[in-house]
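Chain by chain, the residues run as shown.
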Amino acid sequence: MSRVVGFVCDPVEDFKPYKDTTFALMLAAQARGWDLVVFGVADLWVKDGLAQGRGRRLKVTDDKKHWFDWLGDAEVLTLGTLDVLLMRADPPVNAAYIAATWVLELAEKQGALVLNRPAALRDYNEKLATAWFPDFSPPTLFAADMAALRAFHAEHGDVIYKPIDGMGGRGIFRVRPDGLNLGSVIEQLSDYGKQMITAQKYLPAISDGDTRVLIVHGEPIDYGLARIPQAGETRGNLAAGGRGEPRPLTAAQRRIAEALGPKLLEKGLWFVGLDVIGEHLTEINITSPTCAREIDAAFGTDIAGKLMKAIDSRLTH
């Protein structure tokens, strides 16, 4: 009997199949003969204690122009009866996202293997999670207090300020030693001291790229994707215009990944993307890590297939 894999994700119609990691995961699951069904975050609910959702089955094809076909209409499914549920919805981790993790945690209790683990998705903020690993991180402050945020700049001189719940380079500001616009940046990002934000010492090594290092089932992939800022930018994010350059891991990147991988796996985080600038860990991406397709295309790896192999082994044993 074929396994059934559910994906909680953004609309399939909006995928960029040549670069979408969720799509790569779908291809890898289908290659094993598993059936695919997709849900949106708002398609999940609990009725009389039972985790349910309205999902739609599909078939995927590795084609840039026609990458999926629906197999019938949407149907209500009991989530605990699925073999696997992969939570791949993009941030922000807002109230709707949190509510979805509650439903998925119930589905986990009712029989499905849910990855990444819903409780860990709630517990680990992608920015603040680096605080659990200070030996690998640059000087960093997480605070809403505007005086503390100003003092951090006075201490370090060149600082990156960013939201704790953003993605794709949105809301990231660099304040140089002259302090130009420091007050405005802090006021806007923190909503005048009401919202915790991240302040991180600027790392000049960003000029050589912010490298995405993928970890699958506790083990690092041997290659990463360096996101190199375009001229005049401090953000390497591909969504912010950065250029992706696949590379073998450096010794520092491997050291960080090997140290964190087993600890993250213990929390139920099977698929993780570390962001590393130079020798420093800057973020731990757990909601919907990306860059698998770019790395696969450059080095012939099968990152999604590696995850599916680990899932199959878990389900079999």
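Residues numbered from 1 in each chain as written. Predicted model: local features only at pLDDT ≥ 70, side-chain atom pairs only at ≥ 80, totals over all residues. Heavy atoms only, no water.

Re the sheet that holds strand β16 (residues 271–277)
Each strand in a sheet pairs with another by means of backbone hydrogen bonds, the pair being arranged parallel or else antiparallel.
Thought 1: Taken in spatial order, the 5 strands line up as β15-β14-β13-β16-β17 in an open sheet, and their pairing is antiparallel. The open sheet has two free edges, formed respectively by β15 (243–248) and β17 (280–285), since each of these has just one partner strand. Between one strand axis and the next, the sheet turns through 25 degrees on average, direction left out of account.
Thought 2: Two strands pair when backbone bridges link them, and strand β14 (residues 219–228) and β15 are joined in this way by 6 bridges, in the antiparallel orientation. Paired with Ile228 across the bridge in β15 is Arg243.
Thought 3: In the packing of helix α8 (residues 303–316) onto the sheet, the strands contacted are β13 (210–216), β14 and β16, and the crossing angle to β13 comes to about 30 degrees. (Pairing = 2+ DSSP bridges. Helix = DSSP H or I, 4+ residues; strand = E, 2+ residues; numbered from the N terminus. Axes fitted to C-alpha atoms, helices over the stretch in contact; angles between N-to-C directions. Contact = heavy atoms within 4.5 Å.)

Concerning the pairing of strand β1 (residues 4–8)
Thought 1: By the criterion of burial, β1 is predominantly enclosed, with 5 of the 5 residues buried.
Thought 2: With burial as the criterion, each face of β1 is covered, one bearing Val4, Gly6 and Val8 and the other bearing Val5 and Phe7.
Thought 3: Strand direction decides the pairing type here: β1 and strand β2 (residues 35–39), joined by 5 bridges, are parallel. Within the sheet, the bridge partner assigned to Val4 lies in β2 and is Asp35.
Thought 4: Note that the unit made of β1, helix α1 (residues 21–31) and β2 has a crossover that is right-handed. (Buried < 20%, exposed > 50% of the residue type's maximum accessible area, 1.4 Å probe, protein only. Right-handed = clockwise from strand over helix to strand, strands pointing away.)

Observations regarding helix α5 (residues 182–190)
Thought 1: Taken as a whole, α5 has its buried residues at Leu182, Gly183, Val185, Ile186, Leu189 and Ser190. Mapping the buried residues of α5 onto a view down its axis gives an arc of 165 degrees, with all of them on the same face.
Thought 2: Considering only its buried residues, α5 is in contact with α4 (146–156), β10 (159–163), β11 (173–175) and β12 (197–201).
Thought 3: Directly beyond the C-terminal end of α5, a positive phi value near 55 degrees is found at Asp191. (Arc of directions from axis to C-beta.)

Section: helix α2 (residues 95–109)
Thought 1: With 15 residues, α2 extends 22 Å between its outermost C-alpha atoms, agreeing within 8% with the 21 Å of an ideal straight helix rising 1.5 Å per residue.
Thought 2: Where α2 is concerned, the buried positions are Tyr97, Ala100, Thr101, Val103, Leu104 and Ala107. Taken end-on, α2 shows its buried residues confined to a sector of 165 degrees, consistent with a single buried face. Away from its buried face by more than 90 degrees, α2 exposes Ala95, Trp102 and Lys109.
Thought 3: Next to the buried residues of α2 lie β1, β3 (44–47), β4 (50–60), β7 (84–87), β8 (113–115) and α3 (118–123).
Thought 4: Directly beyond the C-terminal end of α2, a positive phi value near 125 degrees is found at Gly111. (Expected span 1.5 Å × (residues − 1).)

Focus on the side chain of Asn116
Thought 1: Inspection of the secondary structure assignment puts Asn116 in the loop between β8 and α3.
Thought 2: A relative accessible area of 5% places Asn116 in the buried class.
Thought 3: Polar side-chain contacts of Asn116 include one of 2.9 Å to the backbone oxygen of Phe271.
Thought 4: Those residues in contact with Asn116 that sit more than four places away from it in its chain are Met87, Leu121, Gly268, Leu269, Trp270, Phe271 and Ile286. (Polar contact = N/O pair within 3.5 Å; in protein donor to acceptor, adjacent residues only side chain to side chain.)

Here's the deal with the pairing of β3
Thought 1: Of the pairings in the sheet, the one linking β3 to β4 comprises 4 bridges and is antiparallel in character. Residue pairing for β4: Lys47 is matched across the bridge by Leu50.
Thought 2: Where β3 folds back onto β4 in an antiparallel hairpin, the turn is made up of 2 residues, including Asp48, whose phi is positive at roughly 50 degrees.

What to know about the pattern of salt bridges
A side chain with one charge may pair with a side chain of the opposite charge, provided their charged atoms come close.
Thought 1: Going through the model one piece at a time under the given rule, you end up with 17 salt bridges.
Thought 2: Between Arg32 and Asp312 there is a salt bridge, and its shortest N-O distance comes to 3.1 Å. Of this pair, Arg32 sits in the loop between α1 and β2 while Asp312 sits in helix α8, placing them 280 residues apart in sequence.
Thought 3: We note a salt bridge from Glu245 to Arg243, for which the minimum N-O separation is 3.0 Å.
Thought 4: For Arg243, a relative accessible area of 47% corresponds to the partly exposed category.
Thought 5: One network of salt bridges, in which partners are shared, links Asp208, Arg243, Glu245 and Arg247. (Salt bridge = Lys/Arg side-chain N within 4 Å of Asp/Glu carboxyl O.)

Focus on the environment of Asp123
Thought 1: On the secondary structure map, Asp123 appears in helix α3.
Thought 2: What makes Asp123 exposed here is its relative accessible area of 59%.

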